[in-house]
Amino acid sequence: MRRTDLALDALQVFKTAIATTGTWWICVNLLDSQMPFLAPWIAFLVLQPTVSGSITSGFQTVIASGLGVLLSSAIGTYIGVEVWSYALALVLGMLGSRIPGLWQEGATIATTAVFLLSTGFTEDGPALLDRMLEISIGVVIGVGVNLLIVPPLREKQAAQTVESLRIRMGEIMAEISDDFKEEWDRDKALESSKAIQQLRNDLDQSWSTVQFARNSRRRNPRLLFQGSSSEKYEQVLTGLDETVAHLRNLTRTLETTSSSESPREQRFRERWSAILKMIAMRISDPNADVEPSVDQLDRLAREMVAENQLSETSWPLYGALISSTRNISVLIDQMSTATEEQRT
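Residues numbered from 1 in each chain as written. Predicted model: local features only at pLDDT ≥ 70, side-chain atom pairs only at ≥ 80, totals over all residues. Heavy atoms only, no water.

## Some words on the side chain of Ser192
Cut-off, in case you're wondering: Secondary structure counts use DSSP, requiring at least four H or I residues in a row for a helix and at least two E residues in a row for a strand, with both numbered from the N terminus. Throughout, exposure labels follow a simple rule: accessible area from a 1.4 Å probe, protein chains only, divided by the maximum for the residue type, with under 20% read as buried, over 50% as exposed, and the rest as partly exposed. Residue contacts follow a heavy-atom distance rule, with two residues in contact if any of their heavy atoms lie within 4.5 Å.
Looking at the element boundaries, Ser192 is found in helix 8 (residues 186–217). Under the relative-accessibility criterion, Ser192 is labelled buried at 7%. Ignoring anything within four residues of it in the chain, the contact list for Ser192 reads Ile176, Asp179 and Thr251.

Shown next as structure tokens:
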């Protein structure tokens, strides 16, 4: 994952260098621009991590820069460049950044106005048109470079993130099964709770990765050659999120168990642990050939009731374990189906 991030960051740096340097060369050698820094600066701003982001940033930058050109022209023509008018341009430019739809590049209004006021070209009408041409060139080159040179697509990163979370959840459930196969243990239940909390933290962080992958697909030309995927990552993450909540309830229930148990309660624990192990196998390997866990849990509950194997005081505890485990099993079956569809 870190190697992938470094490669993507290095590619983004390379594309930014190509776009800004190429734009500067065009302004100096082909346009003979008096302000050759403006277009490269715009190209730098437009280079976003996703193609969709670059296109959106490009539209916003053109509008914001145009407003900045008009603002500097008005102040330079009717007021003149003074300390207070310079400050006024900044204030009006920053207020303009609050315009709905320009929040991402709204500050460009103020910076463009400041650039033009500082260079003294604000009273020259043709020069202002040249500035708008240079701004447009910066946008076109910035968006074009992002479109043509390996457009960023983060699906593989999202798939790796979801896969690692799914495998880690299976490992935690297998550990719980092994820990409680021999006896109830509150200390081990507390350790399991800490592991699940860490999984919760990792899950929260993974949402940004998956959402970024979804955004990277929008307007991405690479999809013309690679085809469209089923985009089940968010569905799997939602299932993992709900499963973590049920796992947390399960470990809280385990924290209330007592180490002393009757032979009937021992049989329940052993069978419950075995079922949990199969659920762990199911989430670690969606293609694992295991008996449906929901059926096993229902059968376990019916047998315990029919044979009167548990006392009235034990049923609330063990009933909660069966309920939480059953909910987890249903969610994992749904996630396994989504994972299989995602791979095909």
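## Details of the confidence of the model for the chain
Using the following cut-off: Every residue gets a pLDDT, meaning the predictor's confidence in that residue, from 0 to 100.
For the chain, per-residue confidence averages 81 on the pLDDT scale, and 85% of positions sit at 70 or higher. Least confident of the elements in the chain is helix 9 (residues 223–226), whose mean pLDDT is 60; most confident is helix 2 (residues 38–46), at 88.

## Some words on the side chain of Ser273
On the secondary structure map, Ser273 appears in helix 11 (residues 263–284). Apart from the residues lying within four places of it in its own chain, the contact partners of Ser273 are Ser177, Phe180 and Lys181.

## Observations concerning the pattern of salt bridges
As a reminder, the rule being used: For this analysis, a salt bridge means a side-chain nitrogen from Lys or Arg found within 4 Å of a carboxyl oxygen belonging to Asp or Glu.
Going through the model one piece at a time under the given rule, you end up with nine salt bridges. Linking Arg168 and Glu171 is a salt bridge whose minimum nitrogen-to-oxygen distance equals 3.3 Å. With a gap of three residues between them, Arg168 and Glu171 both fall in helix 7 (residues 155–179), about one helical turn apart. Residue classification places Arg168 among the partly exposed residues on the basis of a relative accessible area of 30%. Two residues, Lys277 and Asp178, come together in a salt bridge whose shortest N-O distance is 3.0 Å. Here Asp178 lies in helix 7 and Lys277 lies in helix 11, a separation of 99 residues in the sequence. What makes Lys277 partly exposed here is its relative accessible area of 29%.

## Focus on the nonpolar core
What counts is decided by this rule: Nine residue types can take part in a nonpolar core, namely buried Ala, Val, Leu, Ile, Met, Phe, Trp, Tyr and Cys, and a core is a set of them joined through side-chain atoms within 4.5 Å.
Ranked by internal contacts, the top residues of the largest apolar core, which has 43 residues, are Met173, Ile176, Leu240, Leu254, Phe268 and Trp272. Looking at this core, the elements with two or more residues in it are helix 7, helix 8, helix 10 (233–254), helix 11, helix 12 (293–306) and helix 13 (315–343). Ignoring sequence-local partners within four residues, the contact set of Leu254 consists of Ile176, Phe180, Trp184, Arg186, Ala189, Trp272 and Leu321.

## Here's the deal with the packing of helix 2 against helix 5 (residues 107–119)
Put simply, the test is: Axis geometry follows a simple rule: fit a line to the C-alpha atoms, using only the stretch in contact for helices, then measure angles between N-to-C directions, giving values from 0 to 180 degrees. For classification purposes, an angle smaller than 35 degrees is called roughly parallel, one larger than 145 roughly antiparallel, one from 65 to 115 roughly perpendicular, and anything else oblique. With the far helix as reference, a near helix turned anticlockwise by less than a right angle produces a left-handed crossing, and one turned clockwise produces a right-handed crossing. Under this grouping Gly is polar, as are all residues other than the nonpolar Ala, Val, Leu, Ile, Met, Phe, Trp, Tyr, Cys and Pro and the charged Asp, Glu, Lys and Arg.
Taken N-terminus to C-terminus, the directions of helix 2 and helix 5 make an angle of 165°; their axes are 12 Å apart at the nearest point. Relative to helix 5, helix 2 is oriented roughly antiparallel. Relative to helix 5, the crossing made by helix 2 is right-handed. Where helix 2 approaches helix 5, its residues Leu38, Trp41, Ile42 and Leu45 are matched on the opposing element by Thr108, Thr111, Thr112 and Phe115. Taken together, the residues that form the contact of helix 2 with helix 5 break down as five nonpolar, three polar and no charged.

## Concerning the packing of aromatic side chains
Counted only if it meets this: Planes of paired rings set the category: under 30 degrees apart is stacked, over 60 is edge-to-face and the rest tilted, where pairs are Phe, Tyr or Trp rings (Trp by its six-membered ring) whose centres lie within 6.5 Å.
Tallying each qualifying case throughout the model produces two aromatic pairs. Between the aromatic rings of Phe37 and Phe115, the centroid separation amounts to 5.4 Å while the plane-to-plane angle is 85°, which identifies the pairing as edge-to-face. With Phe37 in the loop between helix 1 (2–29) and helix 2 and Phe115 in helix 5, this pair connects stretches of sequence that are 78 residues apart. Arranged with centres 5.0 Å apart and planes meeting at 75°, the rings of Trp41 and Phe115 form a pair that is edge-to-face. One end of the pair, Trp41, is in helix 2; the other, Phe115, is in helix 5, and 74 residues separate them in sequence.

## Notes on helix 3 (residues 51–78)
Threshold: Given the number of residues in a helix, its expected span is that number minus one, multiplied by 1.5 Å.
Taking 1.5 Å of rise per residue, 28 residues should cover 40 Å, and helix 3 covers 40 Å from first to last C-alpha, within 8% of that figure. Looking one or two residues past helix 3, Gly80 carries a phi angle of roughly 95°, positive in sign.

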